[in-house]
Amino acid sequence: MKNSIWYEKIHPNFGQYFFIENILHHEQTMFQEIIIFQNNFFGRIMSLDGILQTTEVDEFIYHEMISHVPLVAYGHPKKVLIIGGGDGASLREVTKYKSIEKIIMVEIDEKVVTACCQYLPNHSRDAFSDQRVSLQISDGVNFVNSCRDKFDIIIVDCPDPIGPGVRLFSPEFYRGCYNCLHERGIFVAQNGVFFLQSEYVSNSYSNLIKYFKDVKFFQASVPSYYGGMMIFAWATKNSVWGNLDLKVLKDNYISANLSCRYYNPAIHISSFAMPQYVLDRIDI
Ligand code: SPD
């Protein structure tokens with residue numbers, strides 16, 4: 001931060017900046033530096049360790065995609081695990097499903113939850129007080145490796161693999177997720193902006209495919225994650241999901257009674273189409 005401008009540098013030669021209207025929260029926790037500030041275009045913005053995590057104006061794109069792509073594909077999910085996601089917006093989307101009986105959210109840094117509930121209340125919109133939600137402040141890798149439960153859906157809403165996020169991209173973590181996913185279950189995780197962080201996708205692919213039978217990727221462009229399309233990893237224990245058709249998605253979408261601003265079943269299908277330069281890098 002300098003002269004009321006916040007700079008984000010994900011790439012050494014290319015970055016983005018935001019004018020700061022005012023800083024609402026600034027704290028160094030045991031794990032990371034949290035800043036929440038007001039920008040006149042994107043609304044309130046949260047950064048962790050200098051990397052933009054979420055903004056009020058475009059968060060719906062990321063959170064609807066990371067949640068509804070697996071949930072609508074699955075149909076009538078009952079048990080969901082969210083790793084990370086301390087701002088509560090993925091949780092907000094997941095709690096929209098009446099079929100869900102239990103949601104466990106594992107966030108390593110309680111201070112992120114507290115700060116976001118106070119300064120980004122529209123992200124969680126009271127989802128933390130939903131009776132089905134159990135928030136556990138703990139390490140996601142330890143959680144999946146000691147969990148005996150099985151989940152229909154696992155959503156990894158994590159920061160980039162820097163600081164506390166590093167282990168959420170490791171083979172050890174993916175093995176734990178595999179073990180606590182139902183046979184029919186679906187795992188999804190954010191995998192960075194491909195044009196700038198292509199190694200996230202290639203590393204995730206080679207680590208996920210050690211355990212999961214079917215690994216693929218879907219994408220969405222989120223303006224404040226600069227550099228083009230954001231990629232999400234998708235992994236399942238079998239390939240039954242490879243043949244999803246629009247009619248099934250539409251039926252599931254209608255029966256979930258969702259109202260979304262970005263997600264719809266047609267976007268769902270198209271989001272799995274990858275440009276050739278991405279496929280070449282993954283070597284699928
Ligand atoms: N480059 C930063 C990507 C951050 C993705 N996750 C943010 C958490 C939003 N709930």
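Above: the structure in question.
A short tour of the structure in this document, coming up. In this text the structure is predicted, and so the values were computed from the model without any measurement.

## Considerations on helix H6 (residues 171-179)
By the burial criterion, the buried members of H6 are Phe-173, Tyr-174, Gly-176 and Cys-177. When H6 is viewed along its axis, its buried side chains cluster within an angular range of 160° and face the same direction. Residues of H6 that are buried in the fold lie against strand E7 (79-84), helix H5 (140-146), strand E10 (151-157), strand E11 (181-193) and helix H7 (194-208).

## Let's talk about the site of the ligand
The immediate surroundings of the ligand are formed by Ile-51, Leu-52, Gln-53, Tyr-62, His-63, Asp-87, Asp-157, Cys-158, Asp-160, Gln-190 and Tyr-225. A distance of 2.8 Å separates a nitrogen atom of the ligand from a polar side-chain atom of Asp-157. Between the ligand and Cys-158 there is a distance of 3.1 Å, counted from a nitrogen atom to a backbone nitrogen or oxygen. Burial of the ligand by the protein chains amounts to 97% of its free accessible area of 330 Å². Counting residues per element, the ones that place at least two in the shell around the ligand are strand E6 (51-55) and helix H1 (59-74). Of the residues forming the shell around the ligand, the biggest block, 3 residues, is contributed by E6. Class assignment for the residues of the shell around the ligand results in 5 nonpolar, 3 polar and 3 charged.

## Some points on the pattern of salt bridges
Under the defined criterion, the tally for this structure stands at 11 salt bridges. Across the salt bridge formed by Lys-79 and Asp-149, the nearest N and O atoms sit 2.7 Å from each other. Of this pair, Lys-79 sits in strand E7 while Asp-149 is found in the loop between H5 and E10, placing the two residues 70 residues apart along the sequence. Members of the salt-bridge network, linked through shared partners, are Glu-59, Arg-92, Glu-93 and Lys-96.

## Topic: the packing of H1 against helix H8 (residues 246-256)
To describe two helices that pack against each other, one gives the angle between their axes and the distance between the axes. One way to put it is that H1 packs onto H8 with a least axis distance of 8 Å and a crossing angle of 100°. The orientation of H1 relative to H8 falls into the category roughly perpendicular. Counting all contacts with H1, which are made through Val-72, Ala-73 and Tyr-74, the residues of H8 involved are Leu-249, Asn-252 and Tyr-253. Of the residues assigned to the contact of H1 with H8, the class counts are 5 nonpolar, 1 polar and no charged.

The rules behind these values
Residues numbered from 1 in each chain as written. Predicted model: local features only at pLDDT ≥ 70, side-chain atom pairs only at ≥ 80, totals over all residues. Heavy atoms only, no water. Buried < 20%, exposed > 50% of the residue type's maximum accessible area, 1.4 Å probe, protein only. Helix = DSSP H or I, 4+ residues; strand = E, 2+ residues; numbered from the N terminus. Arc of directions from axis to C-beta. Contact = heavy atoms within 4.5 Å. Near = heavy atom within 4 Å. Polar contact = N/O pair within 3.5 Å; in protein donor to acceptor, adjacent residues only side chain to side chain. Areas by Shrake-Rupley, 256 points an atom, 1.4 Å probe, with all protein chains shown as cover. Nonpolar A, V, L, I, M, F, W, Y, C, P; charged D, E, K, R; others polar. Salt bridge = Lys/Arg side-chain N within 4 Å of Asp/Glu carboxyl O. Axes fitted to C-alpha atoms, helices over the stretch in contact; angles between N-to-C directions. Parallel < 35°, antiparallel > 145°, perpendicular 65-115°, else oblique.

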